[in-house]
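A closer look at the structure
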Amino acid sequence: MNLSQFPRRRYTVGSTPIEKLERLSALYNGYAIYCKRDDLLGLAGGGNKTRKLEFLMADALLQGADTIITCGAVQSNHCRLTLAAAKKEGLECQLVLEQRVPNSYKRYASGNNFLFDLLGVEDVHVVEGGSDVAGKMAAVAEDLRAKGRKPYVIPGGGSNAIGGLGYVACAQEILQQTFKMGVNIDAIVTTSGSTGTHAGILTGIVGNNAQIPVVGIGINRKKEPQRQAVYDLCVKLSEKLNLKEAPTMDDVIVFDDYIGEGYSRVTEGMLESVKLLARTEAILLDPVYTGKTMAGMLDLINKGYFEGKKNLLFLHTGGAPALYAYLEPFFGQQ
Ligand SMILES: *Cc1c(COP(=O)(O)O)cnc(C)c1O
């Protein structure tokens, strides 16, 4: 698999570390839990979107774009990082924010929302939950074109066949690193959201014939539609890469038991996992993605799902800046 054929910008120096979580592992007899620290990727605040943006921004620049348009929830890490990448490249950036929880957009809110302002977003367009967000982005792009500007639209989460390459690259990075470390990983656990991360990793693992199961923990959609969405992107990525070994539907593993009442809604398991990782490993998880994913992984360990699989790799996809918009549930639960 040759990823060098695709144009790429670089926003991270070297590779993100893989750390053994000694104190967390000690609580789970017989398991060694490793963490791929993608929360330490480059661009403001780090997190998984940085890897996708390396390929997406290279494409935007190649097309002569002067403005990036993307979308996300009101506390979107993806919007923060896309804006950061745009600024780093000297481009403007406009955001379409979807209020998935009614009235959740607050102009002066903390967390990522504050960073939109600090990083110099050109314009924010707030739409109601369930609206045609892609349609809104297209309309914003059309307005800009009418003014002689050159917009480039990045879909939600940067999860298309270009952005997904970032996580195919991450799979290769993981295989190289664990080989050097002399650690044979038995399973990889990742959040499964807009699918770029899950599909990218899975395509990279299967494309390298590495035979490591990739377990996706859902944070939004139900299991079957999520599996289908991940699979669809795997197909696009495998075609783009011309792979001989491509993921099948059987390779796509998703659990939807840890979503709670819905996307970005607080769960007991999330609060406990965020606190546990802070207090055992001094690692900050986030309330929307990695907190729920960690809750899922630990519950699956307790239930014996990983029986016979000793070395687990948790992919930390970032998101800690959103913690500062969630003070209430944390303080309320002390
Ligand atoms: C976007 C995001 C995810 C989910 O990644 P997808 O590629 O959208 O599935 C996980 N964790 C964090 C912190 C994110 O911002």
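Everything in this summary refers to the structure shown in the same document.

Here is what the cut-offs are and how they apply
- Residues numbered from 1 in each chain as written.
- Predicted model: local features only at pLDDT ≥ 70, side-chain atom pairs only at ≥ 80, totals over all residues.
- Heavy atoms only, no water.
- Phe/Tyr/Trp six-rings, centres within 6.5 Å; stacked < 30°, edge-to-face > 60°.
- Helix = DSSP H or I, 4+ residues; strand = E, 2+ residues; numbered from the N terminus.
- Buried < 20%, exposed > 50% of the residue type's maximum accessible area, 1.4 Å probe, protein only.
- Lys NZ or Arg CZ within 6 Å of the ring centre and 35° of its normal.
- Near = heavy atom within 4 Å.
- Polar contact = N/O pair within 3.5 Å; in protein donor to acceptor, adjacent residues only side chain to side chain.
- Areas by Shrake-Rupley, 256 points an atom, 1.4 Å probe, with all protein chains shown as cover.
- 1 Å grid on protein atoms, 1.4 Å probe; cavity = no way out; pocket = protein on both sides within 12 Å on 5 of 7 lines; lining within 4 Å.
- Sits in = over half its atoms within 2 Å of the grid points.
- Nonpolar A, V, L, I, M, F, W, Y, C, P; charged D, E, K, R; others polar.
- Pairing = 2+ DSSP bridges.
- Axes fitted to C-alpha atoms, helices over the stretch in contact; angles between N-to-C directions.
- Contact = heavy atoms within 4.5 Å.

**As for the packing of aromatic side chains**
A ring pair, where both rings are aromatic, is described by two values, the distance of the centres and the angle of the planes. Inspection of every chain in the model, using the stated rule, returns three aromatic pairs. Aromatic pair Phe-255 and Tyr-305: ring centres 5.1 Å apart, planes at 85°, arrangement edge-to-face. Of the two residues, Phe-255 is situated in strand β9 (residues 253-255) and Tyr-305 in the loop between α10 (290-302) and β10 (311-316); the sequence distance between them amounts to 50 residues. Measuring from centroid to centroid gives 5.0 Å for Tyr-305 and Phe-306, while their planes differ by 80°, and the two rings are edge-to-face. Judged by relative accessible area, Tyr-305 falls into the partly exposed class, the value being 35%. When its relative accessible area of 1% is taken as the criterion, Phe-306 is described as buried. Every member of this aromatic cluster is reached through a ring pair, and the members are Phe-255, Tyr-305 and Phe-306. One Lys or Arg, Lys-49, reaches over the ring of Tyr-289 and ends 5.5 Å from the middle of that ring. Its end group placed over the ring of Tyr-167, Arg-51 keeps NZ or CZ at 5.6 Å from the ring centre.

**Brief notes about the site of the ligand**
Close to the ligand lie 16 residues; Lys-49, Lys-52, Ser-194, Thr-197 and Thr-317 are nearest. Asn-77 has a polar side-chain atom sitting 3.0 Å from an oxygen atom of the ligand. At 2.7 Å, a backbone N or O of Gly-193 approaches an oxygen atom of the ligand. In isolation the ligand exposes 380 Å². Once the protein is present, 98% of that is buried. Applying the majority rule of atoms within 2 Å of the grid points places the ligand in the largest pocket. Of all the elements in the fold, those that place two or more residues in the shell around the ligand are α2 (49-62), β7 (187-192) and α7 (196-207). Looking at the shell around the ligand, its residues break down into one nonpolar, 13 polar and two charged.

**Remarks on unusual backbone geometry**
Of note, the phi angle at Gln-211 is positive, near 55°, even though the residue is not glycine. With respect to the secondary-structure elements, Gln-211 resides in the loop between α7 and β8 (214-218).

**Focus: the sheet that holds β7**
The strand order across the open sheet formed by six strands is β1-β2-β10-β7-β8-β9, and the pairing between neighbours is mixed. Strands with a single pairing partner mark the edges of an open sheet, and in this sheet they are β1 (18-20) and β9. Strand-to-strand twist of the sheet, defined as the mean angle between neighbouring strand axes without regard to direction, takes the value 30°. In this sheet, β9 lies alongside β8 in parallel orientation, the contact comprising three bridges. If you follow Ile-217 over to β9, its bridge partner there is Phe-255.

**Points about the environment of Ile-212**
Note that Ile-212 resides in the loop between α7 and β8. On the basis of relative accessibility, which here comes to 12%, the residue Ile-212 falls in the buried class. Once residues within four sequence positions are removed from consideration, Ile-212 is found in contact with Leu-175, Ile-185, Asp-186, Ala-187, Ile-188 and Ile-205.

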